[in-house]
Amino acid sequence: MFRVNSIEQFYVIIGVFFEKILPLIISFVFIHKMSETQYALWILFFHICTMSISSIDSPVNIFFNKTFYDRDDKRSIPIIEFRSIVSILIITFLVSLFYSNSFITSALVLLMVLTSITTMSIFNSFRFRAKNFTYGIRSFVRFFIFLLIMISVTYFRELKLNDILISYSISNIVSVIDCFNLLLFKWKTITFFSEFINLSLYGLLTSLLSGIEKIAMGTFHSNLLDLAIVGYAIALASSPSLLTESFKKYLSPYFFKDFNEIGFYSKDSIKKTFQGLIVLTIAQLIIPIFFYLILEKLSLLKESLIIENFLVLVLGFSIIMSFYNAYHFINPYLFYKNQSNKLSMILCFSSVLFLLILFFPIPSANIFVKLILAKAVSVFSLVFLTYKLTISGFRKSIH
């Protein structure tokens, strides 16, 4: 059972705001300092980074979350199965090399992934140790350094992909450099190896599905302008994501405390989650359109990326995201029950469903219509099947 501390939640919201706003700043501010090609490349490579980060962050932070309340040493941050992490980093480098044909860009992608994992693990530790004020301050420092570097670059020339990767990496390092001593690297584990692989696969698949349209277009659709248009529409639709992330990160410690104490979500947790989802759904449907109209009024839209019925594209992605938000609050119980392998199967099924619909010949449907339709069906199947699996697992646990 928990009570929401408004001050603590405010610190978390501030921390999440500055932690998650960087991609939005690129899409709404610095996009005017980028060519359409460079923006499209950023969309593609940022998602490659996201998939790599998720495949490492999922097992590392889930292990931390599950063991936190049973450990005497609350300060240390175990980075488990480092041998597996090294393997993921090598694959990330090779994938980046395939898409970029540049050793330097691939190395910078690797650096961004490494520093992001470090920063995210330390920030997660702050939240679990109820150091939400520290989290908020560190997150702001990271944001400020990132902004300073980006402004400095754009003052002299046009912004390029490598500039963004460098800005991310430097800001990640500087914001938590004095906390590196908290990290405890474990080359291998005996008891957690299979779960690490399952969680890593889950992290990869969930990030793949969340941005599968970007990877599909970057791989199978040669027009980078179309990728930039889709990326811009998704950025607008993602404008309420800061609220979702704040809510998710604030509730996560309480969820796992419930699981340890009563074996499932408490009634209070369910009530708060349900109320929060109603607010998030309303925000998800209203904020992107409102934000678009404000940018239009202020002449801050990237006009070269605004196509006919662009607002419909934004609304379509917003509706899909309103369903996807529920997924974040359904799946923690399955992690606690070590059922990430089943989640991965659901994600794999939903991803295949997306590709089948995308490549299915639909008369008079352009690439954007097919993307919306494929994403809607895949996300609905993900949420529905995850909900059924969670309820089924709980029923089995009480018999």
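Predicted model only: the values in this text are computed from it and were never measured. (Residues numbered from 1 in each chain as written. Predicted model: local features only at pLDDT ≥ 70, side-chain atom pairs only at ≥ 80, totals over all residues. Heavy atoms only, no water.)

### Notes on the packing of helix 6 (residues 132–156) against helix 7 (residues 161–176)
No. 1: Two elements in contact, helix 6 and helix 7, have axes separated by 8 Å at closest approach and are oriented at 145°. Between helix 6 and helix 7 lies a crossing whose hand is right-handed. Here Arg138, Val141, Arg142, Ile145, Phe146, Ile149, Met150 and Val153 of helix 6 come into contact with helix 7, specifically with Asp163, Ile164, Ser167, Tyr168, Ile170, Ser171, Asn172, Val174, Ser175 and Val176. (Axes fitted to C-alpha atoms, helices over the stretch in contact; angles between N-to-C directions. Helix = DSSP H or I, 4+ residues; strand = E, 2+ residues; numbered from the N terminus. Left-handed = near helix turned anticlockwise from the far one by under 90°. Contact = heavy atoms within 4.5 Å.)

### Observations concerning the environment of valine 86
No. 1: Tracing the backbone shows valine 86 in helix 4 (residues 82–100).
No. 2: Judged by relative accessible area, which is 28%, valine 86 ranks as partly exposed.
No. 3: It is 9.7 Å that separates the C-alpha atoms of valine 86 and tryptophan 187, two residues lying 101 residues apart in sequence. (Buried < 20%, exposed > 50% of the residue type's maximum accessible area, 1.4 Å probe, protein only.)

### Observations concerning the pattern of salt bridges
No. 1: For the structure shown, the criterion picks out 4 salt bridges.
No. 2: A salt bridge links aspartate 178 to arginine 138; its shortest N-O distance comes to 2.5 Å. With aspartate 178 in the loop between helix 7 and strand 2 (183–185) and arginine 138 in helix 6, this pair connects stretches of sequence that are 40 residues apart.
No. 3: Note on aspartate 178: relative accessible area 48%, which makes it partly exposed.
No. 4: Residue aspartate 163 pairs with arginine 157 through a salt bridge whose shortest N-O separation is 2.8 Å.
No. 5: We classify aspartate 163 as buried; its relative accessible area is 9%. (Salt bridge = Lys/Arg side-chain N within 4 Å of Asp/Glu carboxyl O.)

### Quick look at helix 8 (residues 193–210)
Residues three or four positions apart in an α-helix share a direction because the helix packs 3.6 residues into each turn.
No. 1: Here helix 8 spans 26 Å end to end across 18 residues, near enough to the 26 Å set by a 1.5 Å rise per residue.
No. 2: Listed as buried for helix 8 are Glu195, Phe196, Leu199, Ser200, Tyr202, Gly203, Leu205, Thr206, Ser207 and Leu209. (Expected span 1.5 Å × (residues − 1).)

### Focus on the nonpolar core
No. 1: The biggest cluster of nonpolar side chains holds 118 residues, and the ones touching the most others in it are Tyr39, Trp42 and Phe310.
No. 2: Once residues lying within four places of it in the same chain are set aside, the contact partners of tyrosine 39 are Ser27, Ile31, Met34, Ala228, Gly231, Tyr232, Ala235 and Leu305. (Core = buried A, V, L, I, M, F, W, Y, C linked by side-chain atoms within 4.5 Å.)

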